[in-house]
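Read off the chains here:
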Amino acid sequence: MLDDDNGDIVGTAVREWLKKTNRKPLLAAVEKMKEELMLLGFISLLLTATSSLISDICIPSKFYDSAFAPCSRGGVDEEKEDNSSKERR
């Protein structure tokens, strides 16, 4: 069961109890946590919806020096060969 404007019933009861017992700093912390969790949920939803687009991003190896997700499997083999030839010199 969900309360129309404040989220779940248990959360509403906790907030009402905190107001009634005059625990304003704790109430403010609970409200801040609620806001942060809602933001985290939105970001998670956004990342889930765009994950296929994000996974298609290719970063050329000229922009990094360490092992990183290459654009193709051939890119991995080429980088290993380049690194081993550099070490031999």
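Residues numbered from 1 in each chain as written. Predicted model: local features only at pLDDT ≥ 70, side-chain atom pairs only at ≥ 80, totals over all residues. Heavy atoms only, no water.

Looking at the overall build of the protein chain
1) Next: Counting its regular elements, the protein chain contains four helices and two strands.
2) Next: From first element to last, N terminus to C terminus, the protein chain shows the α and β order β-β-α-α-α-α.
3) Next: Looking at the protein chain as a whole, 10% of its 89 residues qualify as buried.
4) Next: Of the accessible surface of the protein chain, which amounts to about 7,900 Å², a share of 61% is contributed by carbon and sulfur atoms. (Helix = DSSP H or I, 4+ residues; strand = E, 2+ residues; numbered from the N terminus. Buried < 20%, exposed > 50% of the residue type's maximum accessible area, 1.4 Å probe, protein only. Areas by Shrake-Rupley, 256 points an atom, 1.4 Å probe, with all protein chains shown as cover.)

Comments concerning the pattern of salt bridges
1) Next: According to the stated counting rule, one finds three salt bridges in the structure shown.
2) Next: A salt bridge links K19 to E16, with the shortest nitrogen-to-oxygen separation between them at 3.9 Å. Pair noted here: K19 and E16 are both in helix α1 (residues 9–20), with a separation of three residues, about one helical turn.
3) Next: For E16, a relative accessible area of 42% puts it in the partly exposed group.
4) Next: Across the pair E36 and K32 runs a salt bridge whose closest N-O atoms are separated by 3.4 Å. With a gap of four residues between them, E36 and K32 both fall in helix α2 (residues 24–49), about one helical turn apart.
5) Next: With a relative accessible area of 46%, K32 lands in the partly exposed category. (Salt bridge = Lys/Arg side-chain N within 4 Å of Asp/Glu carboxyl O.)

A short note on the confidence of the model for the protein chain
1) Next: With 65% of its residues at a pLDDT of 70 or more, the protein chain has an overall mean of 77.
2) Next: The element-level mean pLDDT for the protein chain is lowest in strand β1 (residues 2–3), coming to 42, with α2 highest at 93. (pLDDT = per-residue confidence, 0-100.)

Topic: a nonpolar patch on the surface
1) Next: Taken together, the side chains of L39, F42, I43, L46, L47, I54, I57, I59 and F63 make up a nonpolar region of the molecular surface, amounting to roughly 880 Å² of accessible area.
2) Next: The element that contributes the greatest number of residues to the nonpolar patch is α2, accounting for five residues.
3) Next: Within the secondary structure, I59 sits in the loop between α3 (51–55) and α4 (73–88).
4) Next: A residue is classified by how much of its surface remains accessible, and I59, at 32% relative accessible area, is partly exposed. (Patch = residues over 30% accessible without salt bridge, like charges linked within 9 Å, V, L, I, M, F, W, Y side chains within 5 Å.)

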